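# Structure at a glance
Listed below are the residues making up each chain.
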Amino acid sequence: MPDRAASPVIAELRGRIARLESGSARAREFLPFGPDEIDRRLPGGGLALGCLHEVAGGGNGAVDGAAAALFTAGIAARTKGKVLWIVTRRDLFMPALAQAGLHPDRLIHVEAGDEKSLLACCEEGLRHGGLGAVVAETARLSMTASRRLQLAAESSGTIGIAIRRWRRQTEAGDFGQPTASATRWRVSVMPSAPLPVPGLGRSRWLLELIRCKAGESADFEVEACDVTGRIALPSEVANRPPQKDIGRRIASA
């Protein structure tokens, strides 16, 4: 039976449904990842701009957030304009973001005193309309708060990304609570490909699309962002016969 997600007609219909459900008169734009295996899973063929998206790290990455931050930096790097990045911890490492394509010259770094201030800054940034992306590292994101951020993103067409980080691994269960985000991703570190000489190969991630409005969840093994902010499928994955994604789940709308 053909894969429904692979049909461009179905993808276009899903995009239309998403636009109607948003109630926004603004024409929705999308930011493709590049690999077709990922983009065809997303309504419109990419991440919807003017929407809120969530990213978290898997395993120990739920606390340190390194892989989630680099994945997010790659997305932000492919937008146009300045990027507002809001944190409550003083651990944002600019050289790593630059390696993922997000140059420091494009970054506006804000340190908020607490979660409430962080969400307020995020909402103001999304409503501004002159930014390429707004990123907020937050531990808690209620339905009410996420809905405010979603509406702010819709009003300006700016993409918002909430990086979910927690102080303790046990708090990561909050990631399962419902929010108004359009997509929800989890990024886990995998061993890099062995090289024929001593050294480290390009980093690899297990990229999980846990939730997607008007779409389905899926898992992907990818190579980490390059200096242009783009991820890639490893050659042995891209060239193997099509098969069902690992742990594939039906996502709620």
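Read on for a plain summary of the structure. (Residues numbered from 1 in each chain as written. Predicted model: local features only at pLDDT ≥ 70, side-chain atom pairs only at ≥ 80, totals over all residues. Heavy atoms only, no water.)

## Examining the pattern of salt bridges
Within the structure shown, the criterion is met by 13 salt bridges. Across the pair Arg90 and Glu111 runs a salt bridge whose closest N-O atoms are separated by 2.9 Å. With Arg90 in the loop between strand E4 (83-87) and helix H5 (94-99) and Glu111 in strand E5 (residues 107-111), this pair connects stretches of sequence that are 21 residues apart. On the basis of relative accessible area, Arg90 is assigned to the exposed category, the value being 77%. A relative accessible area of 42% places Glu111 in the partly exposed class. Glu137 is the partner of Arg165 in a salt bridge, and the nearest nitrogen-oxygen pair spans 2.9 Å. Highlighted residues: Arg165 in the loop between strand E7 (159-164) and strand E8 (183-190) and Glu137 in strand E6 (residues 133-138), separated in sequence by 28 residues. The burial state of Arg165 is the same as that of Glu137; both residues are buried. Each of Glu54, Arg164, Asp174 and Arg184 takes part in salt bridges that share partners, so that together they form one network. (Salt bridge = Lys/Arg side-chain N within 4 Å of Asp/Glu carboxyl O. Helix = DSSP H or I, 4+ residues; strand = E, 2+ residues; numbered from the N terminus. Buried < 20%, exposed > 50% of the residue type's maximum accessible area, 1.4 Å probe, protein only.)

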